[in-house]
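Results of the structural survey
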Amino acid sequence: MSTRVTDLIHRFEPAADATLPPLLLLHGTGADENDLIPLGRMVAPGAALLSPRGTVLENGMPRFFRRLAEGVFDEEDLRQRTDELAGFIHQAQAEYGIAAPVALGFSNGANIAASLLLRHPGLLRGAALLRAMVPFRETPPARLEGTKVLLLSGTADPIVPAANSAALAAILGDAGATVAHHPLPLGHGLSQMDVALTREWLAGFQETKA
Ligand code: MLT
C-alpha cells in the first residue's frame, strides 16, 4: 500500500534482515513507487525498501524532475527536486528509524540519485545507477570519499551515449567515490545482467554478525 506519512507519496517495507542497508528505490519516467519493489526484493532480499514517487508529471507520467527534451535537463528544477528528495530521505529515516540508504535508481531515478550524490554528499551510503547520465553541465564541488557507486550503462543505449556514462564515472571518481562502472552490451532497458551485478555489488554492504 502507498502512504504519505511524509511529504512524498511512497512505499516503505521494513527490513526482515537488519544486516542489510535500506534501499532507496528511484523509478524511471512513467513508473511509480511500486515499479522497483520487485527488483529491490530480488537484489537485496530482506532489506528495508523506501520507494518514493517522483513529483513531476510529464504528460501524466511521473518523473523526479523536469526536462526540456530527452536528455536535456531543467537544471534549476533538478536542483530544487533533489533538495526536496534529500529532505524526504531525512524525514523517512527519522520516521522509520532507518540508517543512511543505498540508492538504486533506474534512468530518470538514477539521474536524480547522481544529483543527490553531488548535492548532498554523505546522505547516501552508496548508489547503484542503472542507465544514468551526467546530471549537471557544471558539476557541484562534492567530496565522496567512502561512498560506493555502481554504474551500469548500456553500450547500445539510445538515450545515454557511452561517452556520457564514462564522463559520469569520471566525475564521481574524481570526487572521491569508489566507482565500479560496467558498460554492458545492452540498450536502455534492464536485463538479468543488471540484476546479477547489482545483487553482487550490494552484498558488499552486508554487515557480518559478530
Ligand atoms: C531523464 O530525463 O532523466 C532521462 O532522459 C532518462 C529518461 O527519463 O528517459
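Residues numbered from 1 in each chain as written. Predicted model: local features only at pLDDT ≥ 70, side-chain atom pairs only at ≥ 80, totals over all residues. Heavy atoms only, no water.

1. Remarks on the pattern of salt bridges
- Inspection of every chain in the model, using the stated rule, returns 12 salt bridges.
- One salt bridge connects Asp77 with Arg81, and the closest N-O pair in it is separated by 3.0 Å. Placement of the pair is Asp77 and Arg81 together in helix α2 (residues 75-96), with a separation of 4 residues, close to one helical turn.
- For Asp83, the salt bridge goes to Arg119, with nearest N and O atoms at 2.8 Å. On the criterion of sequence distance, the pair formed by Asp83 in helix α2 and Arg119 in helix α3 (residues 108-119) is long-range, its members being 36 residues apart.
- Given the relative accessible area of 31%, Asp83 is considered partly exposed. (Salt bridge = Lys/Arg side-chain N within 4 Å of Asp/Glu carboxyl O. Helix = DSSP H or I, 4+ residues; strand = E, 2+ residues; numbered from the N terminus. Buried < 20%, exposed > 50% of the residue type's maximum accessible area, 1.4 Å probe, protein only.)

2. Describing the packing of α2 against α3
- Across the interface, α2 lies against α3 with an axial gap of 9 Å and an inter-helix angle of 80 degrees. As the angle between them shows, α2 and α3 are arranged roughly perpendicular. When α2 is examined against α3, the residues Leu78, Arg79, Arg81, Thr82, Asp83, Leu85, Ala86 and Ile89 are found in contact with a partner set consisting of Ile112, Ser115, Leu116 and Arg119.
- Looking at the contact of α2 with α3, its residues break down into 6 nonpolar, 2 polar and 4 charged. (Axes fitted to C-alpha atoms, helices over the stretch in contact; angles between N-to-C directions. Parallel < 35°, antiparallel > 145°, perpendicular 65-115°, else oblique. Contact = heavy atoms within 4.5 Å. Nonpolar A, V, L, I, M, F, W, Y, C, P; charged D, E, K, R; others polar.)

3. As for the UniProt feature "domain: Phospholipase/carboxylesterase/thioesterase" (unreviewed entry) in the chain
- Taken from the UniProt record, the annotation "domain: Phospholipase/carboxylesterase/thioesterase" (unreviewed entry) applies to residues 22-196.
- Helix makes up 34% of residues 22-196 and strand 25%. Its end C-alpha atoms lie 19 Å apart. (UniProt positions renumbered as here; feature names shortened; annotations may be inferred.)

4. Things to note about helix α5 (residues 192-203)
- With 12 residues, α5 should cover 16 Å at 1.5 Å per step; its first-to-last C-alpha distance of 17 Å lies within 8% of that length.
- Of all the positions in α5, only Asp194, Val195, Leu197, Thr198, Trp201 and Leu202 are classed as buried.
- Of the surrounding secondary structure, the elements contacted by the buried residues of α5 are β2 (23-26), α1 (37-43), β8 (102-106), β9 (126-130), β10 (148-154) and β11 (178-184).
- A distance of 2.9 Å separates the backbone nitrogen of Met193 from a side-chain oxygen at the start of α5, and that oxygen is part of Ser191. (Expected span 1.5 Å × (residues − 1). Polar contact = N/O pair within 3.5 Å; in protein donor to acceptor, adjacent residues only side chain to side chain.)

5. Quick word on the side chain of Thr147
- Structurally, Thr147 is set in the loop between β9 and β10.
- Leaving out residues up to four positions away in the same chain, Thr147 has contacts with Leu117, Leu124, Arg125, Gly126, Ala177 and Thr178.

6. Focus on the sheet that holds strand β3 (residues 49-52)
- Strand order in the open sheet made by the 7 strands is β1-β3-β2-β8-β9-β10-β11, with mixed pairing throughout. A single partner strand is all that each edge strand has here, and the edge strands are β1 (10-13) and β11. Sheet twist, expressed as the mean angle between neighbouring strand axes with direction ignored, is 10 degrees.
- Here β9 runs beside β10; their pairing, made up of 5 bridges, is parallel. The partner of Leu130 across the bridge, within β10, is Leu152.
- Against the sheet, helix α4 (residues 162-174) contacts β9, β10 and β11, and its axis sits at roughly 170 degrees relative to β11.
- The strands touched by α5 within the sheet are β2, β8, β9, β10 and β11, with β10 carrying the most contacts at an inclination of about 170 degrees. (Pairing = 2+ DSSP bridges.)

7. Description of the packing of aromatic side chains
- Enumeration according to the criterion identifies 3 aromatic pairs in this entry.
- Aromatic pair Phe12 and Tyr96: ring centres 3.9 Å apart, planes at 5 degrees, arrangement stacked. Here the residue Phe12 occupies a position in strand β1, and Tyr96 occupies one in helix α2, the gap between them amounting to 84 residues.
- With 5.0 Å between their ring centres and 75 degrees between their planes, Trp201 and Phe205 make a pair best called edge-to-face. (Phe/Tyr/Trp six-rings, centres within 6.5 Å; stacked < 30°, edge-to-face > 60°.)

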